[in-house]
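Structure assessment
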Amino acid sequence: MKFSRFGRLAVGLFLAMIAVCFISSSSARPKPAEGGYHLIKTVSLPPAAGDGEYYDYISVDAEARRVYISHGTEVVILNPDDYSVVGKIEGLTRCHGIAVAKDLGKGFITDGDGRPGSTVQEVVIFDLKTLKVTGRVKTDQIDTDAIIYEPVTKHIFSFNGDSHNTTVIDAVKGTVITTIDLVGKVEFPAVDGKGMVYDNNPEKNDIVAIDARTNTIKARWPTAPEGSPTSLTMDQKNRRLFSAGRGPQFVTMMDADTGKVLQSYPISAGADANSFEPATGMLFVATREGMLHVYHEDSPDKLSEVEAVKTEYGAKTLQVDPKTHKVFLTTSDFNPPAAPTEKQPHPLATAKPGNFRVLVYGR
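A quick note: this is a predicted structure, and the numbers were derived from the prediction, not measured. Per-chain numbering applies: the sequence of each chain, read as written, is numbered from 1 onward. Thresholds applied to this predicted model are a pLDDT of at least 70 for local features of residues and 80 or more for the giving and counting of side-chain atom pairs; totals over whole chains, interfaces and linings are not thresholded and use all residues. Hydrogens are left out, water is left out, and the side-chain values use all remaining heavy atoms of the structure.

A word on the sheet that holds strand S17 (residues 216-222). Here we have four strands laid out as an open sheet, ordered S14-S15-S16-S17, and antiparallel in their pairing. Each edge of the open sheet is held by one strand with a lone partner, namely strand S14 (189-191) and S17. With direction set aside, neighbouring strand axes in the sheet form an average angle of 20°. Sheet analysis places strand S15 (residues 196-201) next to strand S16 (residues 206-211), joined by six bridges and oriented antiparallel. When the bridges of S16 are listed, Asn201 appears paired with Asp206. Should DSSP find at least two bridges between two strands, the strands are taken to pair. Think of it this way: any DSSP run of H or I at least four residues long counts as a helix, any run of E at least two long counts as a strand, and we number them from the N terminus. The axes are straight lines fitted to the C-alpha atoms, using for helices just the contacting stretch, and the angles between their N-to-C directions are given from 0 to 180°.

Have a look at this one:
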């Protein structure tokens, strides 16, 4: 078949347009997220004062180059670049979470003992520069546990697990504003930076949305197929919540405005902390079973699984350093579980004193 000069030109233009469209569509697709996370450092820390071994949440202040690590009666502060201990906040009873209010130059620690006969239930305030304790605010709520800073109202929210409520504290004045009944055991929270606070409720299998300006519950959203939601983090830009639960064991991606569950993946047992890294779109989920589940937010409506990395039993809490992209976890050696009883049919292994350590993962 013969083509005229005009015909050849038309065909050439058509093929060029197809090529441009193909290149454009290919470049618009999200690149597959890379895995390969592995252990790069183990930092052993000496026992904290007191009996037994206990550890809980981790908090990272990337600008100040500090990693705050809950460890029984103390908070240990590491330099995330050389792993040196730069300070400690001691004299606590059973610390849990650490919230940093950089605009106020203050840090806040939940110190709440849920064991029978305990009397200490408070939030400890410290100076970010000196690490000296500057105040204490009593919540008088059993199991004063998770904590978060809401920057719009400059309020601290202490989530009191066994008390089924949250204590709202004026971070400037260091005084209690109110206590909000959340109707069911509460776990870890997240904030959107615009005045909303979200918290997991493992008893009700939902997430509660709190308006920090009015200190009222705005909505409750079921997390199914995930059950007993425990750990929570947020992509503030795309307004996506990432919640992980213990039974059924799933991590879910949820719309923070409507509560719609967009995606979910099965995970291992004992989820306790999530961390989202905005710059890379990576989501990390740690579980007591000793797994680091890694996902990538391909788009605001699509979460893809990257890999599941074996860590160590008990490494259930974590945070990511957005500067180095390293993931910090904590764990210890463990005693065998006690014999089952009617009251506790599924007892967990207990941590051995003197073996506490920080695990650092990277690529």
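Moving on from the coordinates now.
For Phe, Tyr and Trp, rings pair up if their centres lie within 6.5 Å, where Trp contributes its six-membered ring, and each pair is then called stacked (planes under 30 degrees apart), edge-to-face (over 60) or tilted (otherwise). The full count for this structure, using the stated rule, is nine aromatic pairs. Ring geometry for Tyr57 and Phe188: centres 4.8 Å apart, planes at 50°, overall tilted. Residue Tyr57 is found in the loop between strand S1 (38-44) and strand S2 (58-61), and its partner Phe188 is found in the loop between strand S13 (175-181) and S14; the two are separated by 131 residues along the sequence. No difference in accessibility class separates Tyr57 from Phe188, as the two residues are buried. Any Lys NZ or Arg CZ found within 6 Å of a ring centre and within 35 degrees of that ring's normal is scored as a charge over the ring. Above the face of the Tyr54 ring, Arg94 is positioned so that its terminal group lies 3.8 Å from the ring centre. Residue exposure (1.4 Å probe, protein chains only): buried if accessible area is under 20% of the type maximum, exposed if over 50%, otherwise partly exposed.

Turning to the pairing of S17, a few remarks are in order. In terms of strand pairing, S16 meets S17 through six bridges, oriented antiparallel. Bridge pairing in S17 links Ile207 to Trp221. Between the antiparallel neighbours S16 and S17 lie four residues, among them Asn215 with a positive phi of about 55°.

Glancing now at unusual backbone geometry. Here the bond from Ala224 into Pro225 is cis, since omega is 15°, no more than 30 degrees from zero. Summarising the element assignment, Pro225 is placed in the loop between S17 and strand S18 (229-235). The peptide bond linking Gly247 to Pro248 adopts the cis configuration, its omega dihedral lying at -5°. Relative to the helices and strands, Pro248 resides in the loop between strand S19 (240-245) and strand S20 (250-255). The backbone phi angle of Val183 is positive, close to 55°, even though this residue is not glycine. Summarising the element assignment, Val183 is placed in the loop between S13 and S14. Backbone geometry places Ser228, a non-glycine residue, at a positive phi of 45°. Accessibility expressed as a relative area gives 24% for Ser228, which makes it partly exposed.

The buried fraction of strand S8 (residues 121-127) amounts to six of the seven residues, a majority that puts the element mostly inside the structure. Alignment of strand S7 (residues 106-112) against S8, held across seven bridges, turns out to be antiparallel. In the sheet register, Ile109 faces S8, and the bridge partner there is Val124. Bridge count for S8 against strand S9 (residues 133-138) is five bridges, and the pairing is antiparallel. Residue pairing across strands places Phe126 opposite Val133, the latter belonging to S9. Following S8, the chain reverses through five residues before pairing antiparallel with S9; Leu131 in that reversal takes a positive phi of roughly 65°.

Turning next to the pattern of salt bridges. What counts as a salt bridge is simple: a side-chain nitrogen of Lys or Arg found within 4 Å of a carboxyl oxygen of Asp or Glu. For the structure on display, the rule yields 20 salt bridges. Ionic pairing is found between Arg240 and Asp255, a salt bridge with its closest N-O pair at 3.4 Å. Of the two residues, Arg240 is situated in strand S19 and Asp255 in strand S20; the sequence distance between them amounts to 15 residues. Both residues of the pair, Arg240 and Asp255, belong to the buried class. Of the charged contacts in the structure, one is a salt bridge between Asp272 and Arg246, with a shortest N-O distance of 2.7 Å. Of this pair, Asp272 sits in strand S22 (residues 271-277) while Arg246 sits in the loop between S19 and S20, and the two are 26 residues apart along the sequence.

What follows deals with the sheet that holds strand S11 (residues 155-160). A sheet is described by the order of its strands in space; here four strands give the open sequence S10-S11-S12-S13, paired in antiparallel fashion. Both edges of this open sheet fall to strand S10 (144-150) and S13, since each of them pairs with a single strand only. Each adjacent strand pair in this sheet contributes to an overall mean axis angle of 25°, direction not counted. Sheet analysis places S10 next to S11, joined by six bridges and oriented antiparallel. Pairing of Glu150 across the sheet is with His155, part of S11.

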